[in-house]
Amino acid sequence: MRSPFSSSRTPSQHGHGDRESRHSSGWQHLQKFLTSNEGLRILDIGPTSAVNINYVTSLGHSIYMANLVDEAAKPEWKLAAEDDDSPQFDAAKFIDTNLNFQDRKFDVVTFWDTADYLPSQLLQPVLARIYDAMKPGGLMLTFFHAKAIGAEIRFSRYHLTPTNAVEIQRIGNHPLLNTYSNRQIEQLLQAFSGYKFFLAKDNLSEVIATR
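Predicted model, so just to flag it, every value in this text is computed and none were measured. (Residues numbered from 1 in each chain as written. Predicted model: local features only at pLDDT ≥ 70, side-chain atom pairs only at ≥ 80, totals over all residues. Heavy atoms only, no water.)

> Sorry, what's going on with the sheet that holds strand E12 (residues 204-210) here?
Strands in a sheet are paired, the pairing made by backbone hydrogen bonds, and the direction either parallel or antiparallel. Reading across from one edge, E4-E3-E7-E8-E12-E11 is the order of the 6 strands in this open sheet, with mixed pairing throughout. Because the sheet does not close on itself, it has two edges, and the strands there are strand E4 (62-66) and strand E11 (194-198). Strand-to-strand, the axes of this sheet are offset by a mean angle of 15 degrees, without reference to chain direction. In this structure, strand E3 (residues 41-45) lies alongside strand E7 (residues 106-112), joined through 3 bridges in parallel fashion. Bridge assignment links Ile42 to a residue of E7, and that residue is Val108. (Pairing = 2+ DSSP bridges. Helix = DSSP H or I, 4+ residues; strand = E, 2+ residues; numbered from the N terminus. Axes fitted to C-alpha atoms, helices over the stretch in contact; angles between N-to-C directions.)

Below, the structure written as structure tokens:
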């Protein structure tokens, strides 16, 4: 089976690796929404990408960025452990600090594969906060790993392009914390009015959720 990834020697940012171009039906769908509307507000979840900022603003939209995975790895969000169980997190403080949009409402959210790298105690509160910050009819693009195999599970920065592909730049050592079946994805997104799955030729599921 042909891989959806193709080799790219695009210069890297911040000393990290080269980018790989990946066909994305979800991005293709979202791009049509971006190019057929004006003055949208976009929330890009993930490591800051100057490419994304330039692309979105060139279309006449505004963009807000939040790097939740890097933030979640910091010790200040962890509560004192009472036993040897998994770490506990102060989800309310995390959200108030990192997702304080000051009454901004978003038309589009690119959540990428953030769900795969966030601790489970933070994920549902984060999704609920993002849902509340979206306009009715707004769209959220999400990626989910079905299996924890292959180089594609490395934490990445996603770059938008004017084509039907996104460029993926492997940049970090955050561990993959979660993988999802379609049923589990539906449960995560149950608050949304609808969602559309896009077939992919690798272990990455693509979903567009509608507020």
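Here the narrative resumes, following the displayed structure.
> For this particular structure, what's the right way to read the packing of helix H4 (residues 91-98) against helix H6 (residues 120-132)?
When two helices pack together, their arrangement is captured by the angle between the axes and the distance separating the axes. Where H4 meets H6, the axes come as close as 10 Å, and the angle between the chain directions of the two elements is 45 degrees. The pairing of H4 with H6 is recorded here as oblique in orientation. Once H4 is placed against H6, the crossing between them reads as right-handed. Touching Ala91, Phe94 and Ile95 of H4 are Gln121, Leu122, Pro125, Val126 and Arg129, all from H6. (Parallel < 35°, antiparallel > 145°, perpendicular 65-115°, else oblique. Left-handed = near helix turned anticlockwise from the far one by under 90°. Contact = heavy atoms within 4.5 Å.)

> Help me understand the side chain of Gln31, please; the structure alone is not making it clear to me.
Position of Gln31 among the secondary structure elements: in helix H1 (residues 25-35). Within polar-contact distance, the side chain of Gln31 engages the backbone oxygen of Thr161 at 3.3 Å. Residues in contact with Gln31, not counting those within four places in the same chain, are Tyr55, Thr161, Pro162 and Thr163. (Polar contact = N/O pair within 3.5 Å; in protein donor to acceptor, adjacent residues only side chain to side chain.)

> Explain the nonpolar core here, please?
In globular proteins that are soluble, nonpolar side chains generally tend to be buried together. Counting residues in hydrophobic clusters, the biggest one holds 34 residues, and the most contacted among them are Val109, Phe111, Val126, Ile130 and Met140. Secondary-structure elements contributing two or more residues to this core are E3, helix H3 (68-72), H4, E7, H6, strand E8 (134-145), helix H7 (182-188) and E12. With 6 residues, H6 is the largest single contributor of residues to this core. For Val126, the residues in contact, after removing those within four places along its chain, are Leu68, Phe94, Ile95, Leu99, Phe111 and Leu118. By size, the runner-up hydrophobic cluster in this structure holds 19 residues, among which are Val56, Val108, Leu141 and Leu204. (Core = buried A, V, L, I, M, F, W, Y, C linked by side-chain atoms within 4.5 Å. Buried < 20%, exposed > 50% of the residue type's maximum accessible area, 1.4 Å probe, protein only.)

> Explanation requested: the pairing of E7 in the structure shown.
In summary, the side chains of a regular strand alternate between the two faces of the sheet. Across the 7 residues that make up E7, a large majority, 7, are buried. The pairing of E7 with E8 spans 5 bridges and is classified as parallel. Residue Phe106 lies in a different strand from E8, and its bridge partner there is Met134.

> Honestly, the pairing of E4 in this entry has me stumped. Any pointers?
The pairing of E3 with E4 spans 5 bridges and is classified as parallel. Its bridge partner being in E4, Arg41 is matched across the sheet by Ser62. For the crossover from E3 across helix H2 (residues 50-58) to E4, the handedness is right-handed. (Right-handed = clockwise from strand over helix to strand, strands pointing away.)

> Is there a simple way to think about H1 in this case?
The periodicity of an α-helix, 3.6 residues per turn, causes residues three or four positions apart to be oriented the same way. Regarding H1, the residues found buried are Gly26, Trp27, Leu30, Gln31 and Leu34. Across the axial projection of H1, the buried residues extend over an arc of 130 degrees, all falling on one side. Turned more than 90 degrees from where H1 packs its buried face, Lys32 and Thr35 sit exposed. (Arc of directions from axis to C-beta.)

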